[in-house]
Amino acid sequence: MQQPDPWLQPGSGAASMSQQLEPAASDAAAAAAEDELPPPPPPPEVVVDAVPGQPAAVHIETTAISLQWAPVEARLVTSVPIALEYHVDFELVMQQVDEKLGLPADRWSVQYMGSASFVQVKGLRPGRTYAARVAAVPVVTTPHEAGEVVLVRSPPSEVVTVQTLPCPPMGQPAPQLASRLKKELKFKWAEPEETGGRLLEYVFEMAPAPEGWEGVGPTPEGFYPVYRGSERAFLAKRLVPGVQYCGRVKAINCEGESAWSPLGVFYTQATVPSWAASDAPFVWDTTATSVTLGWPEPASNGGNVTGYEVEMDDGSGFRHVARAAERQCAVEGLRSGILYKFRVRAENEAGRSLWSPLGEGRTSAVPPGPCGPPSVLGASQTSLTLRWEAPEDDGGSPIQYYQVQVRARTPAARNSHADEWLVMYQGPDLACTIGGLRAGCSYMARAAAVSQAGAGSFGPAAMLQTSPSTPDCPGAPAAAARQQTELSIGWPAPKHDGGTPITSYRLEMCCLGAVEGGRGDGGKGKAKLDPPFELAYLGPQRAAEVGGLEPGRRYAFRCSAINAQGSSGRTARAPPVTGYVLELAQAAALEQHAGGGEEDDLFSPAHQGPECSATVSGLEPHTLYALRVRALNSVGASMSEPDTFRTAPAPPSAPQGLQLQQTTPSGLALAWALPRCDHGAPVTGYQLECARGGRGGGGAAASAWRLAYQGADLHAQVAGLDAGERYLVRARAANTCGWGAWTEALPCSTSPDVPAAPAGLQAKATGTSLRASWGAAEDNGSPVLAYELEVAGGSSSRWASAFRGDATTHRLQQLLPSTAYQLRVRAVNAVGAGPYSDVLQVQTCRAPPSPPTDVAAALVAGSSSSVEVSWAAGAQGGHQAACTGYEVEAGPLRGKGGERRELCPSRATSKLLAGLQHSTAYRVRVRAVGADGAGHGDWSAAVEVTTPAAQPGEAAAPAAASAAVEAAPKVQNRRERGGSGPPRGPLVAKATTVAKAPPRRGWDRFLHYKLGGMRIGSLLPWAIALFLLILVVLLVVAFLF
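Residues numbered from 1 in each chain as written. Predicted model: local features only at pLDDT ≥ 70, side-chain atom pairs only at ≥ 80, totals over all residues. Heavy atoms only, no water.

**Examining the UniProt feature "transmembrane region" (unreviewed entry) in the protein chain**
Threshold: UniProt positions are given in the numbering used here, feature names are shortened, and annotations may be inferred rather than shown by experiment. Under the scheme used here, helices are H or I runs from DSSP no shorter than 4 residues and strands are E runs no shorter than 2 residues, and both carry numbers assigned from the N terminus.
Here, UniProt's "transmembrane region" (unreviewed entry) annotation points to residues 1019-1040. A helix fraction of 100% and a strand fraction of 0% characterise residues 1019-1040, whose end C-alpha atoms lie 32 Å from each other.

**Regarding the environment of Trp774**
Our working rule: Think of it in three bands: residues with accessible area under 20% of the maximum for their type are buried, residues over 50% are exposed, and the middle band is partly exposed, with areas taken using a 1.4 Å probe on protein chains only. Only heavy atoms enter the contact rule, under which two residues are in contact if any of them lie within 4.5 Å.
Relative to the helices and strands, Trp774 resides in the loop between β56 (770-773) and β57 (784-793). Overall, Trp774 belongs to the buried group, its relative accessible area being 5%. In this structure, the C-alpha to C-alpha distance between Trp774 and Leu789, residues 15 residues apart in sequence, is 10.0 Å. Residues within four places of Trp774 in sequence aside, it is in contact with Pro758, Ala759, Gly760, Leu761, Tyr787, Leu789, Phe803, Ala807, Thr808, Thr809, His810 and Val825.

**Points about the side chain of Ser356**
Assignment of secondary structure puts Ser356 in the loop between β25 (351-352) and β26 (359-362). Taking the relative accessible area as the measure of exposure, Ser356 reaches 6% and is therefore buried. Ignoring anything within four residues of it in the chain, the contact list for Ser356 reads Trp275, Asp279, Pro281, Arg343 and Val344.

**Brief notes about unusual backbone geometry**
With an omega of -5°, the peptide bond running from Ala207 to Pro208 counts as cis. Mapped onto the elements, Pro208 comes out in the loop between β13 (199-207) and β14 (224-229). A positive phi is found at Asp854, a non-glycine position, where the angle reads about 55°. Its place among the elements puts Asp854 in strand β62 (residues 853-859). With a relative accessible area of 62%, Asp854 lands in the exposed category. Phi at Ser919 is positive, roughly 55°, even though this residue is not glycine. Structurally, the position occupied by Ser919 is in the loop between β66 (910-913) and β67 (921-930).

**Observations concerning the pairing of strand β31 (residues 431-434)**
Let me state the cut-off plainly: Pairs of strands are assigned from DSSP output, requiring at least two bridges between the strands.
Burial along β31 is one-sided: Cys432 and Ile434 are buried, and none of Ala431 and Thr433, which face the opposite way, are. The pairing of strand β28 (residues 384-387) with β31 spans four bridges and is antiparallel. Residue pairing in the sheet places Leu386 in a bridge with Cys432 of β31.

**Side note on the sheet that holds strand β23 (residues 328-331)**
Within a sheet, adjacent strands bond to each other through the backbone by hydrogen bonds, running parallel or antiparallel. As a reminder of what qualifies: Comment: axis = line fitted to C-alpha atoms, over the contacting stretch for helices; angle = value between 0 and 180 degrees taken between N-to-C directions.
Ordered in space as β19-β20-β23, the three strands form an open sheet in which the pairing is antiparallel. The sheet terminates laterally at β19 (282-286) and β23, the two strands that pair on one side only. With direction set aside, neighbouring strand axes in the sheet form an average angle of 25°. In this structure, β19 lies alongside strand β20 (residues 291-294), joined through four bridges in antiparallel fashion. In the strand pairing of β20, Asp285 is matched with Thr292.

**Thoughts on the packing of aromatic side chains**
Aromatic ring pairs are defined here through the distance separating the ring centres and the angle between the ring planes. Spelled out, the test is: Here is the rule: rings of Phe, Tyr and Trp (six-membered ring for Trp) pair when centre to centre is within 6.5 Å. Planes less than 30 degrees apart are stacked, more than 60 are edge-to-face, and the remainder are tilted.
What the rule picks out here adds up to 20 aromatic pairs. Ring centres 4.8 Å apart and planes at 45° place the aromatic pair Phe187 and Phe204 in the tilted group. A residue pair is termed long-range when its members are at least 10 positions apart, and Phe187 in strand β12 (residues 185-188) and Phe204 in strand β13 qualify at 17 residues. Summarising the burial analysis for this pair, Phe187 and Phe204 share the class buried.

**Re the pairing of strand β55 (residues 762-765)**
Look at any regular strand and the pattern is simple: side chains alternate between the two faces of the sheet. Pairing analysis gives four bridges linking β55 to β56, with the strands arranged antiparallel. Across the sheet, Ala765 pairs through a bridge with Leu770, a residue of β56. The turn joining β55 and β56, which pair antiparallel and follow one another in sequence, is formed by four residues.

**What about the confidence of the model for the protein chain?**
Where we set the bar: What pLDDT conveys is the predictor's confidence in a given residue, as a value from 0 to 100.
Of the residues in the protein chain, 86% have a pLDDT of 70 or more, and the chain-wide mean is 82. Across residues 696-700, where pLDDT falls below 50, the model places eight contacts with residues more than four positions away in sequence or in other chains. Long-range and interchain partners of residues 955-1001, a stretch whose pLDDT sits below 50, account for 109 contacts in this model, where long-range means more than four residues apart.

**Re the sheet that holds strand β10 (residues 160-163)**
Here we have four strands laid out as an open sheet, ordered β6-β5-β8-β10, and antiparallel in their pairing. Each having just a single partner strand, β6 (109-114) and β10 make up the two edges of the open sheet. The average angle at which neighbouring strand axes cross in this sheet is 30°, direction not considered. Relative to β10, strand β8 (residues 129-140) is paired through four bridges, and the arrangement is antiparallel. Note that in β10 the partner of Tyr130 across the bridge is Val162.

**Observations regarding the environment of Val203**
With respect to the helices, strands and loops of the structure, Val203 is situated in strand β13. In this structure the C-alpha to C-alpha distance between Val203 and Glu257, which are 54 residues apart in sequence, comes to 9.6 Å. Among residues more than four places away in sequence, those in contact with Val203 are Tyr227, Arg228, Arg248, Val249, Lys250, Ile252 and Trp260.

**Focus: the pattern of salt bridges**
Quick note on the threshold: For this analysis, a salt bridge means a side-chain nitrogen from Lys or Arg found within 4 Å of a carboxyl oxygen belonging to Asp or Glu.
Applying the stated criterion to the full structure yields 34 salt bridges. Put simply, Glu347 and Arg323 hold a salt bridge, and the shortest N to O gap is 2.9 Å. Here Arg323 lies in strand β22 (residues 318-324) and Glu347 lies in strand β24 (residues 339-348), a separation of 24 residues in the sequence. Judged by its relative accessible area of 16%, Glu347 is buried. In this structure Arg323 comes out as partly exposed when scored by relative accessible area, which is 49%. A salt bridge links Glu689 to Arg730; the nearest nitrogen and oxygen atoms lie 2.8 Å apart.

Here is the structure:
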């Protein structure tokens, strides 16, 4: 059964629905009431209905375009009256046209926003196409809240495309090195900083030319044009390994040529170093065991020499001895007096060179080594025949002779020879016979070798002994005791037993007669002169009892000693010798006075004493002397016959007459005479030594002397000296005995020479000038009087004098911009002009920018100490550097001081100069500053402006104010290869608003108040300091009193 719908049942359903519909009816009624109220009026609108006219180019330059368009007006759309002030600004947007991309919407950049309908857009690139369009933008100047006024700008105008004027290329970078080989260099270069339009080709020049070059000859600067084309690379072939090559490039388009780029300097790949035929090693210094070598610098062939290897040949082949980083080394551990051969090879990054030519060096000779001990070849009672071995090492100099020294060991031998080493032989043989010895005595003998380098040390001593002989006579017998018929006789032993023991003594006696008369035979007749002796005793004892004698008789006794060799002589009855006198005279003087009876006066005592030997010193070498001996006893003196002896040869005396004959800047010519005496051996050679002397003429230290000459001539040339320096020289002579004494040092001076070439020539370039500087030159003994600077290049390839004076810097002006120049300098003294320095290649920068035009100076309203200077940029040529800024100068027309110079950026066309003096006439001028070191351009024409007197209440230095708006946009250009394409960033315009300093009040005004021409603020610190000083003085006075 179907149930009824509850919504249709009467009663509850209808009632509930009516209750639900009542609130809805009330809401609808309220809404209707609201719709009946009037709506709020719409906000006012400022609308630009018309589209500005298409921009038209009225003036086109290489980097600027002047655009003009038809202005439009705005209108106010409002339903209620309202007071609004408004005007129309124009927004100029531009972009560089890219043929591939078209005109992308995101590349438009605002170049100008303002009310003018004419604007000049700067900072564009030459030869480029730019698109421009303008839109009108309403601007409300009445203050209002955001959203109160609706601004409706106009649609953009039609696009206009304008192309800037092309110009010659500018800013060609220097060529770079792409690759290099031993005989090839590949150069590459970038596009110019400013192509000026579409490039056509490049010209590349280099110096020196490739080998076998048959093209166009060199330019005045010495460069060869080797390439012309559109490629930005060039491969130079047939070059020399390890040689420096310079290259430069310039770009050419339809408008002209760029300036030459800076030089690119490169080397071909190096080869191993090479030696000239004269580059043999040479000897700096020698010792007995070392040689200090030096050698010339080899040709590096493009690579830096990193080291040297030295080999030596001592007769057994070459071997490595040293590795050095410099051009010298010391070879140690050599043998003295040996000739060695040396060779050197150099290394660089390319490898090792061939060996240099051979050089020779001999170590210094030293005295020979010791000889072997002497051995006995034969012996006698008074002589020994000796032989010895030569030394193993002669010290590098041939042995000239040998010396043998002997020294007595036994007391008996010392009676005839002093107790010291005595030279008994001097000669060239390895054997000798030494005489004058005593039989049966022991001696020590040793030998030494002597060469030109000096005497060697003595070898070991050998113990030697002469053949034995009979003993010496015993001492005189003497009576020890007396009896009537008996005498006790004793005697001393002999001083020398002859080398073998004494076996017995023989005592003999004879009767001399009666004691009283001294005569025998009872006084009849004379006593016998030689009475017969008879044996009284024979035995080993040195005493005997002699009996059976007659009383009162005188007896004479004599004794002899007996050994295996025989019997000695009998004792003498003469008084003993008490001393000896050795007398000496020159044999030549005796010959001159022979037969004149004056010989005794020529002898002079040389020794006196009881010894039987003496050493006489202080004699002349190789001189014949006569010697004689006097024996003294209690009776008197006896004299021997003179005997002659000749002293041994010795080194010669010093050469005579050392003198300077001629001087040169690098040498001295000297000569000398023979020595006064050669001392028994012919002079075989001379040595000359040289040392640098002090300014005061003082002597040179021993270590400073160096050998300058050795040979047999009586003259020598000392070379390799410094010009104008003081030196000391000395000479000595040599013979087979060695080197003699040096002469006194002779002071000499070399002649002054022309100065050396100045070093360190360098130059700093601007567009039209070069500032050259160099180091002081060595004067070579004569003060430098002037320097001569010469220049070549530009319009002339000849060297021309640019400066002469004593300064070491000079500024060359009025040069051509972007032009290569060569500089060289030399020094001049009283002798003459020295050599030129190395040629310096330098290139001037581009020409400085042109001076600004339309310079004006105007007073700033409301200020009596500020001036606003404005100008227009000068015309820019292709040969000129870009402007990086301006320098503004304001200087009083009268008086000194008060000048002002201010710098401002390159986009500025005005500058506010604040803080100028009141009531002062100023001269104002402006100049541009060039990029890349081009320097300052010329000053503009000066304008004059006079500041007014200070206004009441105005400070002397008001705050800076600027009322100039720059329309100098920065165009950030694409630096792409080819120079075309849209810019990488937006073009930006900068503006400077006007700022005015607030008026000073209160304390600040008081500090700027002038009192007697000076501000109180500047006087206040002095017043405070004076007050503190007075306070301190008062405190000190109060403390003291």
